[in-house]
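# Residue-level structural notes
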Amino acid sequence: MTIRKRSISIAGHRTSFSLEEPFFEALKELAVRREVSFAALVRDIDAERPKETNLSSALRLAVLTDLQSRCEAVANPSVSSAGQPSGKRSGTSPSS
């Protein structure tokens, strides 16, 4: 699998990152799901990454984190993204 270098302008400066095509496609899908532009998604990931982590690694980790969150949601559909049971009141029995 080849790694492709891409350039982008974020926060007023040009930067580049290198990603395999599946990671690049997953990032584009993540931007669509979050309803933000690709550049805005990369900007946000760049702003949140630890300074000892390069941008390419941070982008891959963002894809991994998103995938893990979505897998968790599928595995535990009764738990909302906030970690709270959805649609159930605590202390109630099914017959009440």
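Everything below is about the structure printed above this text.
What comes next concerns the included structure. Just so you know, these numbers come straight off a predicted model, no measurement behind them. (Residues numbered from 1 in each chain as written. Predicted model: local features only at pLDDT ≥ 70, side-chain atom pairs only at ≥ 80, totals over all residues. Heavy atoms only, no water.)

## Describing the overall build of the protein chain
- On a plain count of helices and strands, the protein chain comes out with three helices and two strands.
- The helix and strand sequence of the protein chain, counted from the amino end, reads β-β-α-α-α.
- Within the span of the protein chain, comprising 96 residues, buried residues form 25% of the whole.
- Contacts spanning at least 24 positions in sequence make up 34% of the contacts within the protein chain whose residues lie at least 6 apart.
- Only carbon and sulfur atoms are counted for the fraction: they give 53% of the accessible area of the protein chain, which is about 6,900 Å². (Helix = DSSP H or I, 4+ residues; strand = E, 2+ residues; numbered from the N terminus. Buried < 20%, exposed > 50% of the residue type's maximum accessible area, 1.4 Å probe, protein only. Contact = heavy atoms within 4.5 Å. Areas by Shrake-Rupley, 256 points an atom, 1.4 Å probe, with all protein chains shown as cover.)

## Details of the packing of helix H1 (residues 21-34) against helix H2 (residues 38-48)
- Direction vectors running N to C along H1 and H2 enclose 100°, while the axes themselves pass 9 Å from each other. Comparing their axes, H2 and H1 come out roughly perpendicular. Across from Phe24, Leu27, Lys28, Leu30, Ala31 and Arg34 in H1, the residues of H2 making contact are Phe38, Leu41 and Ile45.
- Of the residues contributing to the contact of H1 with H2, the split by class is seven nonpolar, no polar and two charged. (Axes fitted to C-alpha atoms, helices over the stretch in contact; angles between N-to-C directions. Parallel < 35°, antiparallel > 145°, perpendicular 65-115°, else oblique. Nonpolar A, V, L, I, M, F, W, Y, C, P; charged D, E, K, R; others polar.)

## Some points on the nonpolar core
- By size, the foremost hydrophobic cluster in this structure holds 16 residues, and its most contacted members are Phe17, Leu27, Leu41, Val42, Ile45 and Leu59.
- Going through the elements one at a time, strand E1 (3-10), strand E2 (13-20), H1, H2 and helix H3 (55-75) are the ones with two or more residues in this core.
- Setting aside residues no more than four positions away along its own chain, Leu41 makes contact with Leu27, Leu30, Ala31, Arg34 and Val36. (Core = buried A, V, L, I, M, F, W, Y, C linked by side-chain atoms within 4.5 Å.)

## Description of unusual backbone geometry
- Here Glu35, not a glycine, exhibits a phi torsion of approximately 60°, which is positive.
- Following the sequence through the fold, Glu35 ends up in the loop between H1 and H2.

## Brief notes about the packing of aromatic side chains
- What the rule picks out here adds up to two aromatic pairs.
- Centroid distance Phe17 to Phe38: 6.4 Å. Interplanar angle 45°. Geometry classified as tilted. One end of the pair, Phe17, is in strand E2; the other, Phe38, is in helix H2, with 21 residues separating them in the sequence.
- Measuring from ring centre to ring centre gives 5.3 Å for Phe24 and Phe38, while their planes differ by 65°; the resulting arrangement is edge-to-face. Taken together, the positions of Phe24 in helix H1 and Phe38 in helix H2 put the pair 14 residues apart, joining distant regions of the chain.
- Take Phe24: its relative accessible area is 13%, and that puts it in the buried class.
- Taking relative accessible area as the criterion, Phe38 reaches 21% and is therefore assigned partly exposed.
- Through successive ring pairs, a cluster of aromatic residues spans Phe17, Phe24 and Phe38.
- Over the face of the ring belonging to Phe24 we find Arg6, whose NZ or CZ atom lies 3.5 Å from the ring centre.
- We note Arg60 situated over the ring of Phe23; from NZ or CZ to the ring centre the distance is 5.9 Å. (Phe/Tyr/Trp six-rings, centres within 6.5 Å; stacked < 30°, edge-to-face > 60°. Lys NZ or Arg CZ within 6 Å of the ring centre and 35° of its normal.)

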